[in-house]
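Fold and geometry: a report
Chain residues, written in single-letter form:
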Amino acid sequence: MSATGTLAGRVALVTGASRGIGRAIAARLAADGADVIAIARSADALAATKADIEARGRRCFAVALDVADGAAVTEAVKRVVEEAGRLDIVVNNAGVTRDGLLMRMSDDDWNSVLDIDLKGVFHVCRAASRALAKSPAGRIVNISSIVGMIGNAGQSNYAAAKAGLFGFTRSLAKELAGRRVTANVICPGFIETDMTSGLPEAMKQQSLGQIPLRRFGAGEDIAGVVAFLCSDAAGYLTGTVIPVDGGLAIGGFGG
Ligand code: NAP
């Protein structure tokens, strides 16, 4: 089936595409006409994403790898981009949390979050940059968190990694602008996925009380903004950090 839609003919790479926000992003980019390179560690979990994208008439290249493994990322991105024929969009969405108060945080808690949530983004962007530079409208979208902007007790490792994405992405925006590649950050607020499903009910209700739009977000709320950033309509937008959080970062209800 030939593609129609705002992203027809484009190829998008999405990390963390097997569930949650990443799966919603992969589905939305495919619905908008893009073929998708879907990455996560579990090959089994990627099968559902692949079926979803192919049901929309688009090609899906499922790649099981750990973004923290720089050599694996370099090899796989080169191979799969050759197979797909081009690369136009990179969405770095894979991420994990290892929460704990600073006093009790182990080196492993710190390193594993920084290795995946920050260094993993570096690995993927480095591997993808040459191919993106050949695209007529290259796009990098890095998924950070509102926690990177405002901090959160018990998440110093996660906040450091997510805030690191701001400077990293703005640097890429400057470095790649001459090649027509834009680079932007999205900061989700509280989104209902596996990452948040295990939180205590009292904590969820407390968070809900801080969201002016009075609901938790869904993966589709983030996917819609990613799709906009990847479209031609956002061609003059680069180096920005966009909260998509129901107003959480501005705090409290206005009335
Ligand atoms: P999720 O439901 O836990 O899904 C995480 C995805 O990332 C899965 O596909 C997972 O698949 C993949 N992944 C994790 N570690 C990986 C690694 N080392 N290499 C490759 N893939 C990896 O999380 P989510 O809630 O959708 O979150 C997606 C992104 O949004 C994350 O960056 C998160 O920090 C950010 N975010 C989420 C929220 C929220 O409220 N949910 C809020 C702000 C920001 P495998 O386990 O198979 O690898």
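Residues numbered from 1 in each chain as written. Predicted model: local features only at pLDDT ≥ 70, side-chain atom pairs only at ≥ 80, totals over all residues. Heavy atoms only, no water.

Let's shift gears to the overall build of the protein. If you tally the helices and strands in the protein, you get nine helices and seven strands. Projecting the C-alpha coordinates of the protein onto the three principal axes gives extents of approximately 50 × 40 × 40 Å. Residues counted as buried form 49% of the 255 residues belonging to the protein. A separation of at least 24 residues holds for 73% of the contacts in the protein among residues at least 6 apart in sequence. (Helix = DSSP H or I, 4+ residues; strand = E, 2+ residues; numbered from the N terminus. Buried < 20%, exposed > 50% of the residue type's maximum accessible area, 1.4 Å probe, protein only. Contact = heavy atoms within 4.5 Å.)

Take the site of the ligand next. Around the ligand, the structure places 30 residues, and the nearest of them are Ser18, Arg41, Asn93, Tyr158 and Thr193. Within the contact set of the ligand, an oxygen atom lies 2.6 Å away from a side-chain nitrogen or oxygen of Ser18. Between an oxygen atom of the ligand and a main-chain N or O atom of Gly189, the distance comes to 3.4 Å. Alone, the ligand offers 880 Å² of accessible surface; in the complex the protein occludes 95% of this. Elements that contribute at least two residues to the shell around the ligand include exactly α1 (20-31), α6 (156-176) and α7 (194-197). Partitioning the shell around the ligand into residue classes produces 14 nonpolar, eleven polar and five charged. (Near = heavy atom within 4 Å. Polar contact = N/O pair within 3.5 Å; in protein donor to acceptor, adjacent residues only side chain to side chain. Areas by Shrake-Rupley, 256 points an atom, 1.4 Å probe, with all protein chains shown as cover. Nonpolar A, V, L, I, M, F, W, Y, C, P; charged D, E, K, R; others polar.)

Here we take up the sheet that holds strand β6 (residues 182-188). Spatially, seven strands are ordered β3-β2-β1-β4-β5-β6-β7 in an open sheet, and the strand pairing comes out parallel. Looking along the sheet, the strands with just one partner apiece sit at the ends: β3 (60-64) and β7 (241-244). Strand-to-strand twist across the sheet, computed as the mean angle between neighbouring axes with direction ignored, equals 15 degrees. Taken together, the three bridges between strand β1 (residues 11-15) and strand β4 (residues 89-92) define a ladder with parallel strand orientation. Note on β4: the bridge partner recorded for Ala12 is Ile89. In this fold helix α3 (residues 70-84) packs onto β1, β2 (35-40) and β3, with an angle of close to 170 degrees to the strand it touches most, β3. (Pairing = 2+ DSSP bridges. Axes fitted to C-alpha atoms, helices over the stretch in contact; angles between N-to-C directions.)

The next subject is the pattern of salt bridges. With the rule as written, the count across this model stands at 14 salt bridges. Note that Lys50 and Glu54 form a salt bridge whose closest N and O atoms lie 2.8 Å from each other. One end of the pair is Lys50 and the other is Glu54, both in helix α2 (residues 43-55) and four residues apart, which spans about a single turn. Note that Arg215 is salt-bridged to Asp221, the shortest N-O span being 2.9 Å. (Salt bridge = Lys/Arg side-chain N within 4 Å of Asp/Glu carboxyl O.)

Packing of α1 against helix α9 (residues 219-230) leaves a shortest axis separation of 8 Å and a crossing angle of 45 degrees. As far as their axial angle goes, α9 and α1 are oblique. Crossing of α1 against α9: the hand is right-handed. Only Gly219, Glu220, Ile222, Ala223, Gly224, Val226, Ala227 and Cys230 of α9 make contact with α1, whose side of the interface consists of Ile21, Ala24, Ile25, Arg28 and Leu29. A breakdown of the residues in the contact of α1 with α9 according to their chemical character gives nine nonpolar, two polar and two charged. (Parallel < 35°, antiparallel > 145°, perpendicular 65-115°, else oblique. Left-handed = near helix turned anticlockwise from the far one by under 90°.)

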